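Results of the structural survey
The chain contents come next:
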Amino acid sequence: SIISGTGVNGKEIIVDPWGTATRAQAAQIITKYLEFTEKDMPAVTGLTINGNPIESYTIVYNGQKSAANKLQKYIKNATGITLDVTTDSQEPEGPEILVGKTNREDMGVVRADRDGGGIESFELSVQGDNLLIAAISERSDHDGVLFGVYAFAEEILEIEFYSDDVTVYNTVRN
């Protein structure tokens, strides 16, 4: 058995170190046994981009709606803040998180370095008050952008991805 018992007051699950489960399998088992409520979700506080509080940002996309919605979900689950998501047809009204190729590049607001990297290559950069998450390869905007969203979630929001079904929002912050 992978799960060998519970700790004090049933708040801990002890994973048998001699079990043969992978880290992702163990995470799936643990999440099935734990019940999280919204108050239990971690709170990343004071998150800023170039000095601007995260709540002042709007997520803007053109063809990357799925990636923009994932980013919105990750930010909400990590911070408790729900950012607006809109297409680039709206005029800029403050700092933006630009997901994929948008008309903001044509407007000269940001510039993505599309040097023809691999299909999973991405750029994650702060330009002025905006955060750009862009694919480097023109061949596959989708893959690079999605990997950029995951990198932001992992590096900035400290989210861990184990499988499509298992995402861990850390509660311990330094």
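Residues numbered from 1 in each chain as written. Predicted model: local features only at pLDDT ≥ 70, side-chain atom pairs only at ≥ 80, totals over all residues. Heavy atoms only, no water.

1. Observations regarding the overall build of the protein chain
Note the cut-off: Per the convention used, a helix needs a DSSP run of H or I reaching at least four residues, while a strand needs a run of E reaching at least two, with both numbered from the N terminus. When a residue's accessible area, from a 1.4 Å probe over protein chains only, is under 20% of the maximum for its type it is buried; when over 50% it is exposed; and in between it is partly exposed. The contact criterion used is simple: two residues touch if any of their non-hydrogen atoms lie within 4.5 Å. Only the protein chains shown count as cover for residues, and all accessible areas are computed by the Shrake-Rupley method using a 1.4 Å probe.
Helix and strand counts for the protein chain come out as four helices and 11 strands. Taking all 174 residues of the protein chain together, the buried fraction comes to 36%. Sequence-distant contacts in the protein chain: of pairs separated by 6 or more residues, those separated by 24 or more amount to 54%. Working note: accessible area of the protein chain is about 10200 Å², and carbon and sulfur atoms make up 47% of it.

2. Overview of the confidence of the model for the protein chain
Rule in force here: A score between 0 and 100, pLDDT records how confident the predictor is in each residue.
Averaged over all residues, the pLDDT of the protein chain equals 77, while 62% of them reach at least 70. Note that residues 1-15 has pLDDT below 50 and, in this model, 24 contacts with residues that lie over four places away or in other chains.

3. Observations concerning the environment of Arg114
Note on placement: Arg114 falls in the loop between helix H3 (103-106) and strand S8 (122-127). According to the relative accessible area criterion, Arg114 is buried, its value standing at 19%. Put simply, Arg114 and Ala135 are 21 residues apart on the chain and 7.2 Å apart in space, counted from C-alpha to C-alpha.

4. Notes on the nonpolar core
What counts here: Put simply, buried Ala, Val, Leu, Ile, Met, Phe, Trp, Tyr and Cys residues joined by side-chain atoms within 4.5 Å make one nonpolar core.
The biggest cluster of nonpolar side chains holds 26 residues, and the ones touching the most others in it are Ile59, Leu71, Ile75, Ile97, Val99 and Leu157. Residue assignment for this core shows that the elements contributing at least two residues are strand S5 (58-61), helix H2 (65-79), strand S7 (96-99), strand S9 (130-135) and helix H4 (141-155). No other element matches the six residues that H2 contributes to this core. Discounting residues that sit within four places of it in the chain, Ile75 has contacts with Ile54, Ile59, Gly80, Ile81, Leu83, Ile97, Phe152 and Leu157.

5. With respect to the sheet that holds S7
Sheet strands pair by backbone hydrogen bonding; their relative direction is either parallel or antiparallel. We apply this condition: Note on pairing: two strands pair once DSSP finds at least 2 bridges between them. Every axis in this analysis is a line fitted to C-alpha atoms, fitted for helices over the stretch in contact. Angles between the N-to-C directions lie between 0 and 180 degrees.
Read across the sheet, five strands follow the order S6-S5-S7-S9-S8 without closing on themselves; strand pairing throughout is mixed. Two strands close off the open sheet at either side, each with one partner strand: strand S6 (84-87) and S8. Mean inter-strand twist for the sheet, computed between neighbouring axes without regard to direction, equals 20°. In this structure, S5 lies alongside S7, joined through four bridges in parallel fashion. Bridging across to S7, Thr58 finds its partner in Glu96. In this fold H2 packs onto S5, S6, S7 and S9, with an angle of close to 165° to the strand it touches most, S5.

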